[in-house]
Each structure stands twice: as C-alpha cells, then as structure tokens.
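Commentary on secondary and tertiary structure
Listed below are the residues making up each chain.
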Amino acid sequence: VETLLDTDTRVIALCRTDLPPFTAPNLQTFPLDLLDENELRAVLRYAAPNAHTVIHTAAMDGNAAFKRDNTALIFDTNLRIGSNVLNCARDAGVENIVLVSSAEASVESDNGYALSKSVVELLAEQYRKQYGMRIFLPRPSNVYGPRDKLDRVIPAMITRITSGQDVEIWGDGS
C-alpha cells in the first residue's frame, strides 16, 4: 500500500479492524469483514468506476501451532473470503484481480492454510474460464516486513539476531 501511495495511485484499503498506521491524501480506508459479502459488494460497487485492480492479500494465518489447532476454521474462513472477493469483483466489473496465494499452495499438506490457498487458486482458474476474468496468482513465500507479527519464523529470527540472542539451526544442511 505504501509503495502504491508513493506513486500517487488512488488506494482503497479494506481493513479488518486496525486501520493502517499511516495516512495519505490518496488513501481511503474502510473497516470491513471480508466474510460479509454484502458489505464487500457495496464497497466494490462504490470503488469500481475508478478501480482497475483488486489486490487481495488477506487471509487467516498464524504460527505452526495456530495452524495445527485451527485447520478447519482457517480453511473455511480463507475459502469464503476468496470466494467473496472473486464474486464481488466480478459483479463490480473490476478489470484485474490479484489473489496473493502462498508457496504453501504447491505443497501437499493437510493444514487448512495450505489447502485453502490451493482451493482458492482452483476457484480462480474456474472464474477465468467461465467469466473471462483477468486473475493473477502470485505465490510469495515467507513475506515479512514492518508491523509483522513477531511469532512468525522470519520476524522471530530477525528479532533474535538483532537482540543478540542465539538462533537455533535445525539439521546439518544436507
């Protein structure tokens, strides 16, 4: 979002509850639960006349313990959010949809996060075929940055290193 704002692009950011810790004249924010299809539909209809692209990055995720203990909840939530975004963007006539997936989507797994990313990718392919939508599915891995949750792998390692703590290395590299 911050990079887009630096280019003077008009950005409409949908946020769960926490608004971004920055403001800009070309930023408009809406607190919104992406599970509420009616609210999402209303916002996209409002934005659609000037919106060329929807970039969907939201997902229920967490550390390994959270993923293990909440696999069905994560799967259900992410699948419904992905479906809502696709339906509402299609109905609003948005030209481009970027559904940020995950490197985990390509791995056989029984965790709800990986499964949800795989299934949303499959759903997006069906929308491409049936509706002719322009859908892009990048698969980043280990995304991290400012304001990240510190219980995730890379932010936790960076924190340990910069504070002089030991970092445990697993395996022998073979």
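Before any of the text, the structure's been laid out above.
Here the residue index of a chain counts from 1 through its sequence in written order. In view of the model being predicted, local features appear only for residues whose pLDDT reaches at least 70, and side-chain atom pairs are presented and counted only at 80 or more, with totals across whole chains, interfaces and linings using the full set of residues. Side-chain measures here rest on the full set of heavy atoms in the structure, leaving out hydrogens and waters.

1. So, the overall build of the protein chain
Rules: The helix count covers DSSP runs of H or I at least four residues long, the strand count covers runs of E at least two residues long, and both are numbered beginning at the N terminus. Any residue under 20% of the maximum accessible area for its type is buried, any over 50% is exposed, and the rest in between are partly exposed; the area is computed with a 1.4 Å probe on protein chains only. By definition, residues are in contact when any of their heavy atoms lie within 4.5 Å. Shrake-Rupley sampling with a 1.4 Å probe provides the accessible areas, and residues are treated as covered by the protein chains on show and by no other component. Counted charges follow a simple rule, with Lys and Arg positive, Asp and Glu negative, and His plus the chain ends left uncounted. Positions of charges follow a simple convention, taking NZ of Lys, CZ of Arg, CG of Asp or CD of Glu.
Helix and strand counts for the protein chain stand at six helices and five strands. Going from N to C terminus, the protein chain has its helices and strands arranged as α-β-β-α-β-α-α-β-α-β-α. Once the C-alpha set of the protein chain is aligned to its principal axes, its extents read approximately 55 × 40 × 25 Å. Burial analysis of the protein chain (174 residues in total) assigns 32% to the buried set. Considering only residue pairs separated by 6 or more positions, the protein chain has 57% of its internal contacts joining residues 24 or more positions apart. On the protein chain, roughly 11100 Å² of surface is accessible, and the fraction owed to carbon and sulfur atoms is 54%. Placing the 17 positive and 23 negative side-chain charges of the protein chain at their respective mean positions leaves the two points 5 Å apart.

2. Structural notes on helix α4 (residues 71–92)
For the record, the criterion: Multiplying 1.5 Å by the residue count of a helix minus one yields the expected span of that helix.
Between its terminal C-alpha atoms α4 stretches 32 Å, which fits the 32 Å expected from 22 residues at 1.5 Å a residue. By the burial criterion, the buried members of α4 are Ile74, Thr77, Asn78, Ile81, Gly82, Asn84, Val85, Leu86, Asn87, Cys88, Ala89 and Ala92. Each element contacted by the buried residues of α4 is listed here: α2 (37–47), β3 (53–56), α3 (64–69), β4 (96–99), α5 (112–131) and β5 (134–136). Looking at the residues trailing α4, positive phi occurs at Gly93, about 75 degrees.

3. Here's the deal with the pairing of β3
Heads up, the rule is: The criterion for strand pairing is that DSSP finds at least two bridges linking the strands in question.
Taking every second residue as pointing to the same face, the buried face of β3 carries Val54 and His56, while none of Thr53 and Ile55 on the other face is buried. Here β3 pairs with β4 via four bridges, running parallel. Opposite Val54, over in β4, you have Ile97 as the bridge partner.

4. Section: the pattern of salt bridges
Between side chains of opposite charge, a pair can form as their charged atoms come close. Quick reminder of the rule: We count a salt bridge whenever a side-chain nitrogen from Lys or Arg sits within 4 Å of a carboxyl oxygen from Asp or Glu.
The tally for this structure, following the rule as stated, stands at nine salt bridges. Glu104 is the partner of Lys67 in a salt bridge, and the nearest nitrogen-oxygen pair spans 2.9 Å. With a gap of 37 residues between them, Lys67 in helix α3 and Glu104 in the loop between β4 and α5 connect regions that are remote in the sequence. The class of Lys67 is buried, set by a relative accessible area of 11%. With a relative accessible area of 27%, Glu104 lands in the partly exposed category. Here Arg139 makes a salt bridge to Glu121, at a shortest N to O gap of 2.6 Å.

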